[in-house]
Amino acid sequence: MDTETSDQPTIHRLCPLCHHDNANSEASPWSQPPWILKECSACAFTYLENPPAYERLKDEFAWEKTSKKVTIKRQAAAPVRAAVSRQAKHLKRHVLKRRKIRDLVIKSLGSSIWSGHFVDVGCGTGSALQSISVELCEAGHKVTPIGIEISKELAASADSKCRKLKGRCLHSDSLSGFQSLPPDSVACVIMSSYLEHEIQPREVLEAACAAMKPGAACIVKVPNYACINRRFTGANWCGFRYPDHVNYFTPQSLQQLALQCGFAEVRQRWVDRLPSSDNMYAVLFKGGLGKSSPSE
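Predicted model, so just to flag it, every value in this text is computed and none were measured. (Residues numbered from 1 in each chain as written. Predicted model: local features only at pLDDT ≥ 70, side-chain atom pairs only at ≥ 80, totals over all residues. Heavy atoms only, no water.)

Peer 1: Break down the pairing of strand E5 (residues 168-171) for me, with residues and values.
Peer 2: Two elements, strand E4 (residues 142-149) and E5, share 4 bridges in a ladder whose sense is parallel. Bridge pairing in E5 places Glu-149 opposite His-171. A crossover links E4 with its parallel partner E5, the connecting element being helix H6 (residues 152-163), and its sense is right-handed. (Pairing = 2+ DSSP bridges. Helix = DSSP H or I, 4+ residues; strand = E, 2+ residues; numbered from the N terminus. Right-handed = clockwise from strand over helix to strand, strands pointing away.)

Peer 1: Give a description of the sheet that holds strand E10 (residues 279-285) that names residues and reports values.
Peer 2: Read from one edge of the open sheet, 7 strands run E5-E4-E3-E6-E7-E10-E9, paired in mixed fashion. Here the strands that pair on one side only, and so sit at the sheet edges, are E5 and strand E9 (265-267). Sheet twist, expressed as the average angle between the axes of neighbouring strands with direction ignored, equals 20°. As paired elements, strand E7 (residues 212-223) and E10 share 7 bridges and run antiparallel to each other. When the bridges of E10 are listed, Lys-221 appears paired with Tyr-281. Helix H5 (residues 127-138) contacts strand E3 (115-121), E4 and strand E6 (186-192) of the sheet and is inclined by roughly 170° relative to E4. Along the sheet, helix H8 (residues 201-211) contacts E6, E7 and E10; its crossing angle with E7, the most-contacted strand, is approximately 145°. (Axes fitted to C-alpha atoms, helices over the stretch in contact; angles between N-to-C directions. Contact = heavy atoms within 4.5 Å.)

Peer 1: Could you give me a rundown of the nonpolar core, with the residues and numbers involved?
Peer 2: Counting 58 residues, the largest nonpolar core has Val-105, Phe-178 and Met-191 as the members making the most contacts within it. Take this core: its biggest share by element is 7 residues, from E7. In contact with Phe-178, not counting residues within four places along its chain, are Val-119, Val-121, Ile-148, Val-189, Met-191, Val-204, Ala-207, Ala-208 and Ala-211. (Core = buried A, V, L, I, M, F, W, Y, C linked by side-chain atoms within 4.5 Å. Buried < 20%, exposed > 50% of the residue type's maximum accessible area, 1.4 Å probe, protein only.)

Peer 1: Account for the packing of helix H4 (residues 100-109) against H5, with residues named and values stated.
Peer 2: Helix-helix packing is characterised by the crossing angle of the two axes and by the distance between the axes. Where H4 contacts H5, the two axes come as close as 11 Å, and the packing angle between them is 30°. As H4 runs across H5, the sense of the crossing is right-handed. Where H4 approaches H5, its residues Ile-101, Arg-102, Val-105, Ile-106 and Leu-109 are matched on the opposing element by Ile-132, Glu-135 and Leu-136. (Left-handed = near helix turned anticlockwise from the far one by under 90°.)

Peer 1: Break down the state of the cysteines for me, citing the residues and quoting the values.
Peer 2: Scanning all chains against the criterion turns up 0 disulfides. Between Cys-188, a free cysteine, and Cys-218, which holds the nearest cysteine sulfur, the sulfur-to-sulfur gap is 7.7 Å. Classification of Cys-188 as buried rests on a relative accessible area of 2%. Free cysteine Cys-261: the closest other cysteine sulfur is in Cys-209, separated by 8.2 Å. Classification of Cys-261 as buried rests on a relative accessible area of 6%. (Disulfide = S-S within 2.5 Å.)

Peer 1: Give a detailed account of the packing of aromatic side chains, specifying residues and quantitative values.
Peer 2: With the rule as written, the count across this model stands at 9 aromatic pairs. Ring plane angle 50° and centroid distance 6.5 Å describe the contact between Trp-237 and Tyr-248, whose orientation is recorded as tilted. Of this pair, Trp-237 sits in the loop between helix H9 (228-233) and strand E8 (247-248) while Tyr-248 is found in strand E8, placing the two residues 11 residues apart along the sequence. An identical accessibility class is assigned to Trp-237 and Tyr-248; each is buried. (Phe/Tyr/Trp six-rings, centres within 6.5 Å; stacked < 30°, edge-to-face > 60°.)

Here is the structure:
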């Protein structure tokens, strides 16, 4: 990815997990100037210390733009590895028809009938939100699809899909999006390939928890910083993306952050956090369901 000059707007971050200021700590060897990666000296969480300001993320570093740059760069640097990765992704998407997020949503909702908002954070074009919403409604759930997308172009595409199901897509940062929703109004949340991009993960998770109904679930997918491949490939690991990946979670740090943000339970089966996988999944549950119905 292109490395922008240091005179562009950036943010100095404290450690998202423990709020320790690592300004005087050495940069990680995986840093890519001018982007500075730090391993917190207090809790060992790895994060980007000087990410771009939100306004730059909306346009200059929008996912649909940076993704193309990263793909081209990796194909040029390692054509064989890139070809193998491309074929593996094709196999998962079109041959095996892997639907991990969808399956976790269905399993998390359980046998109860839910009503409320069904929120996809960083929803992209809205295709996944649309298809899962249709399936949930066909199963009897009374959910309204709500997308949250910082990219103006992707938000417009997602909004047209959500409108067909009487929902909408909010073109905003995720924190503002959740804060605009009434408390206890959300039945389920998807955060797929999103939380690694979020400059304020703690604040967003707290706002998400406040907007969720008691017993509701938040499905999270993030790169697995503890995976074997990261140790083997070093700087060439596919999970390193500068500057739009700003948080590097392990199963332990993701669980710790979620519990700090008010979630009552974090479920991660061993198949959801395999050390052989570059990605991991988790389901965060809000507590307090009690005897009330999810539809109330």
